[in-house]
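One-letter residues, chain by chain:
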Amino acid sequence: MFSIQDIRVEHQISNRENPVITDRPDPRFTFWLNSDRGDFALRSASIQAGDWKCEVTDPLNIQYDGPALEPLTEYRVRVEAQDDRGETAAAETVFQTGRMGMPWKGDWIGDERNRVKSPESPAPTIFRRRFHVQRECRELRIFATALGIFDLYLDGSRINNDYFAPGFTNYEADLQYTVHTVRGLAEGDHELAAVVAAGWACGRTTHVDNTNKSVSLQTAERPALLGEFHLIYSDGETEIFGTDPSFEVTSDGPLRFADFYDGEVYDARKKPEDLIWYPAAVQKTKVYPEITVRCGCPVTAHEILTPVGWQEGPDGELIVDFGQNIAGVVAMQIRGKEGQEIVIRHAEALEHGKLYVQNLRSAKQMVRYICRDGEQEYSPRFTYMGFRYIGIRGAKKEEIDVKAIAVYSALENIGSFRCSNEDLNQLQSNLVWSGKDNFVDIPTDCPQRDERQGWTGDIALFSPTACFNFDMSLFLEKWLRDLTTEQTGTGAIPFVIPARKGVTPTMTTSCWGDCSILVPWALYQANGDKSILRRQYPSMKKYLADVKRWAALSLPIYGSAYILKLPFQFGDWCAPYGSVPDWLKKGPWVGTAYFYYSSRIMAQIAGILEKKEDSRRYLEQADKIRRAFRKAFTDGKGRLKEEFQTAYVLALAFGLAEENERPVMAERLKALIRENGGNLSTGFTATPFLLFALADNGCSDEAYKLLLKDTDPSWLYQVRHGATTLWEQWGAVQEDGSIKEASLNHYAYGSVGGFFYRRICGLDMLDAGYRRFAVKPVPGGDLAWAECEHHSPFGLIKVRWDRTEDSFVLKVTVPAGTECEVTMPGGEHYTVRNGSHMFELDLLRHTVRYTAVS
């Protein structure tokens, strides 16, 4: 049987009930195929959207190339396909266009009375407007955005389920709007309202403490709202109104305060009838961005956690343990009294029985709730915290029920891994949670302290692991738009994106700046969409040209124009030895290795985009860098003049060594690990590649020993000490239970997940989007079995192996339209296609039996 399983628009499921809305003039379509034939192949297909029709043989990322799309229009998409035996299948869906640049029939409005002294966050503002529905109304369509973050209400009920709209972008260049539809509005009077809090645009998140002087980076002085509202009557007539002075405002509502770092203050005694309203004032904005429909993933509520433990702290604070470190908020049911004040503090860990809050720095992560009489419920809407524990003051246990709600971007989970070692399973859980907790509209470094910024180095390293576990297409594409607009004219990339201009440096530095190449490359490999490479290619070229310019300035130091030392390198950042100056000293080794790595990747990208001259030039550049690295840092025979683990790891993993030098480097790396008590000593920049450098150079036993090590520093040390997320520094929690001042929720070291999927299970892509992929397991350690799943653009891939003393059994599921190259541990090789396959290796007889599994 042959069928079209799914049609996606802009990497999203779209249907009439919940259509994808896009402002792109050239939306992309992908369709998934399903067949029960093992030798299935797609012969041809056609896709039609509106008046445009296209014949294709590839179901992935088909870009619209027809007549200009009209704004605010629904388009039908139809796919018809035929397989290689003449069997046919068809499917349909719809999508809608957004405003597509239409002028807004409304003005920015705000509350001129809402004034605050920097660096405090301004008070949340409530906007409202009453309107009359004249007759039967089919739907109300709301187009809204804000400088700040907002919730929308109709007749007192919240319309939106997401948090923090319109999201965090480079507000100088790009601002998103959201679209909400309310169907079946009754005839009569109604009230539309919006609550707009400080968020990223005008909250303390955009302030940093710089040499004890607060620096304001606010996009706006106060929350502002822009909206357009379409009443679409059943007879087809449309009535439109926008935000203007006919709206009323107040900044004296029950939500007294809200920002990301410090939390919320809510006074439930404030009644709607007590509020004093004023006409809204038209606002003149500081910025004039392009306003487009939301293209990223909305931030939504996910897992709901109940307490796993209650205890009383030494100072009488009631401490609740939710068992998992999360980014999110609490939800409370309270049996309160008028004026009773409840304070909730949040922390990632306990130290000596108390909440550990020192790593929050200046962030308060606190909720203050002032009760009215009786039963009441409350959960913050305009902040989020990083926490496993909360401390409650002002309420007894019998007066309050609490839950924790995980809040992060609505990413589709597409990957999984499990094995016979429960510590590794916990490590997989930890890295997935650290991903979720730091994917709150942008890829952040941490979810708890007064930072939570889009640090570029972290996502440069973690993006391949993230793309295995989640569909990162929309999330990272949105972030890469900001990278492009934040990049300087010379090509330098800010350390954080969106940038904290004037405070966080913008300069060319390895790994962090290489995110401009490594992130779109990881995304392309995962989903096979060339358009992201085309869009980012000018940015990549500009960045690498700036790297080359800075490297040339090292000519007087190294006698080569291809050693990257200047202007600044993070080096062996967060390594478990020394301190910041020691890590930075490793900059030339790390910088030059990444210069080579990115040049090699750029050569591949240029080839994919059919830019042959660029590809040739980048290959030549890479060769010059490789020779410069060997001359400056090695003895020419495989041994580094100054030895440290990170340099050997990068040289082996990136291919900087000659083939005959690799065994020497691998032996020296093993020796350095032995000399360090069998432990690693790598920082951010090398850890993702450490186990690969060993396993791919004949040292898989050593790779497994390092992976399964549970003394500090190691991944399983964190697991042994109760970690439920990854830490910023290896030994953040010490053996005696004391804690260093570091984040306990950083995903960079979670990049070890790549080794789980690509080597333990052996699932490795050969062509982008897993059109062709390999399964070549590398069993080891004490593992008796391992399995992983990945929902590729073509469908579900499954891999599982089991081993005993005398057998090794491998099972592989291959989706329709793809091809898998299987290599058994004994070296036996097979090529298989659509369907499920089993390979049984008899370790005593050295024979393999193959079975096609129905």
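Note that the structure is predicted; figures quoted are calculated from it, not measured.

**Re the overall build of the protein chain**
Point 1. In terms of helices and strands, the protein chain carries 16 helices and 48 strands.
Point 2. A compact globule built from 854 residues should have a C-alpha radius of gyration of about 29 Å, and the protein chain, at 28 Å, falls within 12% of that.
Point 3. For the C-alpha atoms alone, the extent of the protein chain along its principal axes is close to 80 × 70 × 60 Å.
Point 4. Of all 854 residues assigned to the protein chain, the portion counted as buried reaches 60%.
Point 5. Counted over contacts in the protein chain with a minimum sequence separation of 6, partners at least 24 positions apart contribute 71%.
Point 6. Here the protein chain has roughly 32,400 Å² of accessible surface; of this, 48% comes from carbon and sulfur atoms.

**Looking at the packing of aromatic side chains**
Here the distance between the centres and the angle between the planes together describe a pair of aromatic rings.
Point 1. Applying the stated criterion across every chain, the model contains 60 aromatic pairs.
Point 2. Both rings, one in tryptophan 730 and one in tyrosine 749, keep their centres 4.0 Å apart while their planes meet at 25°; by these two values the pair is stacked. Linking tryptophan 730 in the loop between helix 15 (715–720) and helix 16 (753–760) with tyrosine 749 in the loop between helix 15 and helix 16, this pair joins segments that are 19 residues apart in sequence.
Point 3. Take tryptophan 730: its relative accessible area is 2%, and that puts it in the buried class.

**Brief notes about the environment of aspartate 259**
Point 1. As for its position among the elements, aspartate 259 is in strand 22 (residues 255–259).
Point 2. By relative accessible area, aspartate 259 is classed as buried at 0%.
Point 3. Measuring from C-alpha to C-alpha, the distance between aspartate 259 and aspartate 84 comes to 58 Å, with 175 residues separating the pair along the chain.
Point 4. In this structure, aspartate 259 is in contact with Ser121, Arg204, Phe382 and Thr383, ignoring residues within four places of it in sequence.

**Quick word on the pairing of strand 43 (residues 795–803)**
Point 1. Judged from the eight bridges that link them, strand 42 (residues 785–792) and strand 43 form a sheet pairing that is antiparallel. Residue pairing across strands places serine 792 opposite glycine 795, the latter belonging to strand 43.
Point 2. Once strand 42 ends, the chain turns through two residues before running back antiparallel as strand 43.
Point 3. Pairing analysis gives six bridges linking strand 43 to strand 44 (residues 807–814), with the strands arranged antiparallel.

**Regarding helix 3 (residues 456–469)**
Point 1. Given a rise of 1.5 Å per residue, 14 residues ought to cover 20 Å, and the 19 Å separating the end C-alpha atoms of helix 3 matches this to within 8%.
Point 2. At phenylalanine 462, helix 3 shows its largest bend, some 55°, and a proline, proline 464, comes one to four positions later.
Point 3. In terms of burial, helix 3 is largely enclosed, as 13 of its 14 residues are buried.

**Focus: the packing of helix 11 (residues 645–654) against helix 13 (residues 687–695)**
Point 1. Remark: helix 11 packs on helix 13, axes separated minimally by 8 Å, with the N-to-C direction vectors making an angle of 65°. One way to sum up the angle between helix 11 and helix 13 is to call them roughly perpendicular. As for the relative orientation of helix 11 and helix 13, their crossing is left-handed in sense. Residues Val649, Leu650, Leu652, Ala653 and Phe654 of helix 11 touch helix 13, and the partners they reach there are Phe689, Leu690 and Ala693.
Point 2. Among the residues forming the contact of helix 11 with helix 13, the class breakdown is eight nonpolar, no polar and no charged.

**Notes on the sheet that holds strand 13 (residues 149–154)**
Point 1. Strand order across the open sheet formed by six strands is 14-13-16-11-21-24, with antiparallel pairing between neighbours. The two strands at the open ends of the sheet, each matched to only one other strand, are strand 14 (157–158) and strand 24 (278–279).
Point 2. In terms of strand pairing, strand 13 meets strand 16 (residues 188–197) through six bridges, oriented antiparallel. Bridge assignment links isoleucine 149 to a residue of strand 16, and that residue is alanine 197.

**Regarding the sheet that holds strand 37 (residues 415–419)**
Point 1. Judged by pairing direction, the sheet is antiparallel, and its six strands sit side by side in the order 37-42-43-44-47-48 without closing on themselves. Of all the strands in the sheet, the pair left with one neighbour each is strand 37 and strand 48 (847–853). Sheet twist, expressed as the average angle between the axes of neighbouring strands with direction ignored, equals 10°.
Point 2. In this structure, strand 47 (residues 835–842) lies alongside strand 48, joined through seven bridges in antiparallel fashion.

**Examining the confidence of the model for the protein chain**
Point 1. In this model, the protein chain carries a mean pLDDT of 95, and residues with pLDDT of at least 70 account for 98%.
Point 2. Segment residues 210–216: pLDDT under 50, and 13 contacts once partners within four positions in sequence are set aside and those in other chains are kept.

**Thoughts on unusual backbone geometry**
Point 1. A cis geometry characterises the amide bond from alanine 165 onward to proline 166, with omega recorded as 10°.
Point 2. Looking at where proline 166 falls in the secondary structure, it is placed in the loop between strand 14 and strand 15 (174–185).
Point 3. Cis geometry marks the peptide bond from isoleucine 497 to proline 498, where omega comes out at -5°.
Point 4. Mapped onto the elements, proline 498 comes out in the loop between helix 4 (473–486) and helix 5 (515–527).
Point 5. A positive phi angle is found at glutamate 10, which is not glycine, with a value near 50°.
Point 6. Looking at the element boundaries, glutamate 10 is found in the loop between strand 1 (2–9) and strand 2 (12–13).
Point 7. Phi at tyrosine 770 takes a positive value of approximately 65°, unusual for a residue other than glycine.
Point 8. Using a relative accessible area of 6% as the deciding quantity, one classes tyrosine 770 as buried.

**Re the environment of proline 464**
Point 1. Along the polypeptide, proline 464 turns up in helix 3.
Point 2. Judged by its relative accessible area of 48%, proline 464 is partly exposed.
Point 3. Sequence separation of proline 464 and alanine 522 is 58 residues, and the distance between their C-alpha atoms is 5.3 Å.

**Regarding the pattern of salt bridges**
Side-chain pairing between opposite charges can occur once the charged atoms of the two side chains come close.
Point 1. All told, the structure shown has 71 salt bridges when counted by the stated rule.
Point 2. In this structure, glutamate 477 and arginine 28 form a salt bridge, with 2.8 Å as the shortest nitrogen-oxygen distance. Of this pair, glutamate 477 sits in helix 4 while arginine 28 is found in strand 4 (residues 28–35), placing the two residues 449 residues apart along the sequence.
Point 3. Overall, glutamate 477 belongs to the buried group, its relative accessible area being 6%.
Point 4. The partner of aspartate 174 in a salt bridge is arginine 481, and the shortest N-O contact between them spans 2.5 Å.

**A word on the packing of helix 2 (residues 422–437) against helix 3**
Point 1. Interhelical geometry of helix 2 versus helix 3 gives an angle of 100° and a closest axis separation of 11 Å. Considering the angle they form, helix 2 stands roughly perpendicular to helix 3. Of the residues in helix 3, those in contact with Gln428, Leu431, Val432 and Gly435 of helix 2 are Phe462, Thr465 and Asn469.
Point 2. In terms of residue class, the contact of helix 2 with helix 3 is built from three nonpolar, four polar and no charged.

**Describing the pairing of strand 28 (residues 309–312)**
Point 1. Across four bridges, strand 28 lies against strand 29 (residues 318–336) in antiparallel orientation. The residue of strand 29 that forms the bridge with glutamate 312 is leucine 318.
Point 2. Where strand 28 hands over to strand 29, the hairpin turn is made up of five residues, of which glycine 316 adopts a positive phi near 90°.

**Quick notes on the environment of phenylalanine 143**
Point 1. Here phenylalanine 143 shows up in strand 12 (residues 137–147).
Point 2. Along the primary structure phenylalanine 143 and arginine 418 are separated by 275 residues, whereas in three dimensions their C-alpha atoms are 44 Å apart.
Point 3. Contact partners of phenylalanine 143, with chain neighbours within four places excluded, come to Leu72, Arg99, Trp104, Tyr177, Thr178, Val179, Leu226, Gly227, Glu228 and His230.

Conventions we followed
Residues numbered from 1 in each chain as written. Predicted model: local features only at pLDDT ≥ 70, side-chain atom pairs only at ≥ 80, totals over all residues. Heavy atoms only, no water. Helix = DSSP H or I, 4+ residues; strand = E, 2+ residues; numbered from the N terminus. Rg over C-alpha atoms; globule rule 2.2 N^0.38 Å. Buried < 20%, exposed > 50% of the residue type's maximum accessible area, 1.4 Å probe, protein only. Contact = heavy atoms within 4.5 Å. Areas by Shrake-Rupley, 256 points an atom, 1.4 Å probe, with all protein chains shown as cover. Phe/Tyr/Trp six-rings, centres within 6.5 Å; stacked < 30°, edge-to-face > 60°. Pairing = 2+ DSSP bridges. Expected span 1.5 Å × (residues − 1). Bend = angle between axes of the 7 residues up to and from the residue. Axes fitted to C-alpha atoms, helices over the stretch in contact; angles between N-to-C directions. Parallel < 35°, antiparallel > 145°, perpendicular 65-115°, else oblique. Left-handed = near helix turned anticlockwise from the far one by under 90°. Nonpolar A, V, L, I, M, F, W, Y, C, P; charged D, E, K, R; others polar. pLDDT = per-residue confidence, 0-100. Salt bridge = Lys/Arg side-chain N within 4 Å of Asp/Glu carboxyl O.

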